[in-house]
Protein chains: 6
Amino acid sequence: MTATTSNASGLNHFDAEGQAWMVDVGHKQATHRKAVAHGSIALSSATFAALKNPKEASPKGDVLGIARIAAIQGAKQTSSLIPLCHPLPLTHLNVAFTLDDSAYRVHIHVTAQTVGKTGVEMEALTGASIGLLTIYDMLKAIDKGMVIEQVRLLEKEGGKSGDWKAITP
Amino acid sequence: MTATTSNASGLNHFDAEGQAWMVDVGHKQATHRKAVAHGSIALSSATFAALKNPKEASPKGDVLGIARIAAIQGAKQTSSLIPLCHPLPLTHLNVAFTLDDSAYRVHIHVTAQTVGKTGVEMEALTGASIGLLTIYDMLKAIDKGMVIEQVRLLEKEGGKSGDWKAITP
Amino acid sequence: MTATTSNASGLNHFDAEGQAWMVDVGHKQATHRKAVAHGSIALSSATFAALKNPKEASPKGDVLGIARIAAIQGAKQTSSLIPLCHPLPLTHLNVAFTLDDSAYRVHIHVTAQTVGKTGVEMEALTGASIGLLTIYDMLKAIDKGMVIEQVRLLEKEGGKSGDWKAITP
Amino acid sequence: MTATTSNASGLNHFDAEGQAWMVDVGHKQATHRKAVAHGSIALSSATFAALKNPKEASPKGDVLGIARIAAIQGAKQTSSLIPLCHPLPLTHLNVAFTLDDSAYRVHIHVTAQTVGKTGVEMEALTGASIGLLTIYDMLKAIDKGMVIEQVRLLEKEGGKSGDWKAITP
Amino acid sequence: MTATTSNASGLNHFDAEGQAWMVDVGHKQATHRKAVAHGSIALSSATFAALKNPKEASPKGDVLGIARIAAIQGAKQTSSLIPLCHPLPLTHLNVAFTLDDSAYRVHIHVTAQTVGKTGVEMEALTGASIGLLTIYDMLKAIDKGMVIEQVRLLEKEGGKSGDWKAITP
Amino acid sequence: MTATTSNASGLNHFDAEGQAWMVDVGHKQATHRKAVAHGSIALSSATFAALKNPKEASPKGDVLGIARIAAIQGAKQTSSLIPLCHPLPLTHLNVAFTLDDSAYRVHIHVTAQTVGKTGVEMEALTGASIGLLTIYDMLKAIDKGMVIEQVRLLEKEGGKSGDWKAITP
């Protein structure tokens, strides 16, 4: 019932009988882990302009400032949101946005770090997703056709499986 | 301080002074609202095969079954996750998956409904995102290069702004 | 995908294709709903005595007072804890304890009420369970052998399926 | 066990036997409710200057921008945080800050509104408290001696007990 | 105010003055901890048959699959639900169901593990309770008379108080 | 993007570009940390009397007993409530109340401890705030004019910045 090996399929979120579990990491070393996730949201040119040049009454950057906080708060909720994720104490979270003026896109990069027994890929990816959803929420009065694109892991460091980098386009 | 009009920029999540708020919907009618969101995740051919044909020990469909529950649970957390979202009591949530065998993609469709004063677009989109993140989590032992794509609203019904449909494809 | 009928098996938490969903209650009337749940915990005679007669330094009734608050707080979390439960605004929660001196048992009765589209059976049952777990937690330094027993619905009122009473005892 | 009258002491969070409960509001009308809460935080002159004039690298207003989001998010968690509070769907939340240059204080005003069976005093007060705690958190690297002061209700509207205004100042 | 000894009554969730606290475990070693909890739910023969033999449209095991996820998610919420529980990072959670065809009962076994300063008994027991409540929720359209029975600790390992096993019937 | 130094302004919750982040503590030692926070609430003489001498039907001390639990539960939610706070496992929480009969005030003292990489000032302060808000909630049927005052840090121990004590009174 509590075998620590994964099953034959290579899916370690299932035990030897194929039932979901939260995999045993008790025997693993607590080491430094890092993950960087990326995602973007495609805006119409008008929405992109509204984001970049809000009317005078509105402080620049508020949409992204709020999305940054949402990304940080969301990343901290990862183990509540993703059923088989282990809870772990994040030691660092950084959220950066870049605007692509030619393609009308906002890019988000989330870096998560911990010293723990499991990786922080899901924390970085969840933060990126919640950040982009928050941008959608705050701009949807102008345009409901925005599309969240390309949420993915860029790199991870640490852990038994070692370092990993995405093959970029 | 509590004016109910949006500001000059058309961004109704900011008040007349450009500060973020949770917009006043107290005067709005509680009507039937519906939103349908879509998203997909691109898998490698090997990961797609593992999802479709788990070894005998593993019950078919568990990955998607768990992702469905995560999507439902995540949608219910929307107002905690998205800072300026109003809390509202969902009356219906449906999550459907389809597998695209030729493109190695899993598609998720989330339908959210309520009888309330605000729309449920964010609930549907959040559910879709959490569902796809859960698929990533459960398959990432095989492949970390999966990409979440095209999370967007397909349609909404109800509310003062009326019905809306995405221009496909 | 969004049919409002339950499936052939009579299990309304699954749609016509047998997939889990949060059933559509949008068309239902918001009516007064009430549910009463019961549960008990069996203590050793020594633990029961410690609960009833704490040393002078300890105010009487604190264990039950804390369990009462935990039951109330837990009932409010029901839709986060039970995957297919609808969120609903409870209008009343009452938690009562009785001590059975001859059988060394603590009984909990939780009454939940709302004006809503779905029943509050799960809120009452969840409150009872969390209350009993809290009693266990606070007394487990004395005895780990306590047993939570007979958590069940005693009665419900309101809703399309009408009133229901458990056949006692 | 479920009498809807409060007890002899006038404390309606206790039933006729003096036990805590979440008071029955099922019979009350859902009417428009509003509450305004205020609070402030006293800073040293140096900390106040750092808040007002962050170095060039730092966008103006970020501390308050983040505190505003925390206040909004915190207000939405009120019924989870305050044991005997009813859950209710806020229809509006507004958070405003003013800076008192002569007294080195930041004032927060939180306005909460709903259409519901209970008031939103606790939502406004909780939002104000969380907003001020967030200011403390973000400035505590400079000064740990900041003091949160005068968190109180300024006014409420609606409900059976009618309107109420604090005697100022 | 912060004495680390328990009070005269042996109830370590109360300090020397009999007030509830979250007991000080800072001085304890972080060691491997394990707990196994059990519980069951009694079904009518008809409900048991519906669980075992859902109509063709319904994938086998979905009720239990969803209850498994709910048990895992619930166990992770233990320190939010049980007032005096310490938060701790679970390193492993396993949930197993067995069906007793002759007695029409579903049994749940939850194994929780951590490397930490306190035990995981409450995590295992909370997981078992939430799993059983979820089964009740999903089958209650057929029968509201199901009874949750015998939620208790089977064994624990690790910690200063050492190993413990329930005396079984 | 992930520099571990704080920015020029001395506000370490912002990175070198002035954007909010959850500061990197991965390189810090996990050491014993302690913080003590204080706050008070000013009552009218009538409300103070009701708190001290509830009618016979009401058990003495319940208001404070419930506020104590709320303070403990609230402190455990700190990293969810305060956006840039790190999650950390509290090892000890103690909540003490004192009544000032001459000034009609209730004082709360919250002591939080952990063995971790960051301090627990925010946990102690959040616990104090939630405890006082809960007292307000339970007495507001008698008087809405109560004022929460002087929520502040009294002392902290441990961490790189060393010990700190507030200048009293």
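Residues numbered from 1 in each chain as written. Chains lettered and ligands numbered in written order. Predicted model: local features only at pLDDT ≥ 70, side-chain atom pairs only at ≥ 80, totals over all residues. Heavy atoms only, no water.

- An unreviewed UniProt entry lists chain A under the name Cyclic pyranopterin monophosphate synthase, with Lampropedia puyangensis as the source organism.
- Check the Function (unreviewed entry) section of the UniProt entry for chain A; it says "Catalyzes the conversion of (8S)-3',8-cyclo-7,8-dihydroguanosine 5'-triphosphate to cyclic pyranopterin monophosphate (cPMP)."
- For the record of chain A, the UniProt heading Pathway (unreviewed entry) holds the text "Cofactor biosynthesis; molybdopterin biosynthesis." (UniProt positions renumbered as here; feature names shortened; annotations may be inferred.)

**Remarks on the overall build of chain A**
- Along the backbone of chain A there are 4 helices and 5 strands.
- Put simply, chain A runs from its N terminus to its C terminus through helices and strands in the order β-α-α-α-β-β-α-β-β.
- Among the 169 residues that make up chain A, the fraction classed as buried is 63%.
- Within chain A, contacts between residues separated by at least 24 positions form 66% of all contacts whose residues are at least 6 apart in sequence. (Helix = DSSP H or I, 4+ residues; strand = E, 2+ residues; numbered from the N terminus. Buried < 20%, exposed > 50% of the residue type's maximum accessible area, 1.4 Å probe, protein only. Contact = heavy atoms within 4.5 Å.)

**Observations concerning the interface of chain C and chain E**
- Contact residues are listed per partner, giving 56 residues for chain C and 56 residues for chain E.
- Around 4,500 Å² of area is buried between chain C and chain E when both sides are counted, 71% of it from carbon and sulfur atoms.
- When the buried surface of chain C facing chain E is broken down by residue, C:Leu11, C:Leu133 and C:Lys144 rank first, second and third, together holding 13% of it.
- The tally of links from chain C across to chain E stands at 0 salt bridges.
- At the boundary of chain C with chain E, the tally comes to 6 residue pairs in polar contact (both at pLDDT 80 or more). (Buried area = accessible area lost by both parts, 1.4 Å probe. Salt bridge = Lys/Arg side-chain N within 4 Å of Asp/Glu carboxyl O. Polar contact = N/O pair within 3.5 Å; in protein donor to acceptor, adjacent residues only side chain to side chain.)

**What about the confidence of the model for chain A?**
Residues and elements named next belong to chain A.
- The pLDDT averaged across chain A works out to 88; a share of 89% of its residues lies at or above 70.
- Averaged pLDDT values for the elements of chain A fall to 92 in helix α1 (residues 45-52) and rise to 98 in helix α3 (residues 78-81).
- Taken as a whole, residues 1-6 scores under 50 in pLDDT and shows 15 contacts with residues more than four places along the chain or in a different chain.
- Here residues 56-60 is modelled with pLDDT under 50, and outside its nearest four sequence neighbours on either side it reaches 10 contacts, counting other chains as well. (pLDDT = per-residue confidence, 0-100.)

**Things to note about the relation of the copies chain C and chain E**
- Once turned by 180 degrees and shifted 0.0 Å along the axis, chain C lies on chain E with an RMSD of 0.0 Å. Read as a symmetry element, the transformation amounts to a two-fold axis. Minimal C-alpha distance to the rotation axis in chain C is attained by C:Glu149, lying at 2.3 Å.
- Mapped onto chain E, 100% of the interface residues of chain C again fall at the interface, so both copies present the same surface. (Least-squares fit on C-alpha atoms with pLDDT ≥ 70 in both.)

**What to know about the relation of the copies chain E and chain A**
- Aligned on chain A, chain E shows an RMSD of 0.0 Å; the corresponding rotation is 120 degrees and the shift along the axis is 0.0 Å. The transformation just described matches what one would write down for a three-fold rotation axis. When C-alpha distances to the rotation axis are compared across chain E, the minimum falls at E:Pro89, with a value of 4.7 Å.

**Some thoughts on the packing of aromatic side chains**
Residues and elements named next belong to chain A.
- On inspection of all chains with the given rule, the structure shows 6 aromatic pairs over all chains.
- Between the aromatic rings of Phe48 and Tyr104, the centroid separation amounts to 5.6 Å while the plane-to-plane angle is 55 degrees, which identifies the pairing as tilted. Placement of the pair is Phe48 in helix α1 and Tyr104 in the loop between β2 (90-100) and β3 (105-116), with a sequence separation of 56 residues.
- Its relative accessible area of 4% is what places Phe48 among the buried residues. (Phe/Tyr/Trp six-rings, centres within 6.5 Å; stacked < 30°, edge-to-face > 60°.)

**Concerning the packing of helix α2 (residues 62-76) of chain C against helix α4 (residues 121-139) of chain C**
Residues and elements named next belong to chain C.
- Closest axis-to-axis distance for the α2/α4 pair is 7 Å, and the angle between their directions is 145 degrees. The handedness of the crossing between α2 and α4 is right-handed. Residues Asp62, Val63, Leu64, Ile66, Ala67, Ala70, Ala71, Gly74 and Ala75 of α2 pack against Glu123, Thr126, Gly127, Ile130, Gly131, Thr134, Ile135, Met138 and Leu139 of α4.
- Its residues assigned to classes, the contact of α2 with α4 shows 11 nonpolar, 5 polar and 2 charged. (Axes fitted to C-alpha atoms, helices over the stretch in contact; angles between N-to-C directions. Left-handed = near helix turned anticlockwise from the far one by under 90°. Nonpolar A, V, L, I, M, F, W, Y, C, P; charged D, E, K, R; others polar.)

**With respect to the interface of chain E and chain A**
- With 17 residues of chain E at the contact, the number on the chain A side is 21 residues.
- Buried area between chain E and chain A, both sides added, is near 1,600 Å², and the carbon and sulfur share of it is 58%.
- Counting the surface chain E buries against chain A, the share from its top three residues, E:Lys76, E:Thr91 and E:His92, is 30%.
- At the junction of chain E and chain A, the tally comes to 0 salt bridges.
- At the boundary of chain E and chain A, one finds 10 residue pairs in polar contact (both at pLDDT 80 or more).
- Those elements giving two or more residues to the side of chain E that touches chain A turn out to be α2 (62-76), β2 (90-100) and β3 (105-116) of chain E.
- Among the elements that line the side of chain E that touches chain A, the one with the most residues is β2(E), at 6 residues.
- Looking at the side of chain E that touches chain A, its residues break down into 7 nonpolar, 8 polar and 2 charged.

**Some points on the nonpolar core**
- Judged by nonpolar contacts, the single largest core of 288 residues is most densely connected at A:Ile135, B:Ile135, C:Ile135, D:Ile135, E:Ile135 and F:Ile135.
- In this view, D:Ile135 contacts D:Ile41, D:Val63, D:Leu64, D:Ala67, D:Phe97 and D:Val106; residues no more than four positions away in its chain are not counted. (Core = buried A, V, L, I, M, F, W, Y, C linked by side-chain atoms within 4.5 Å.)

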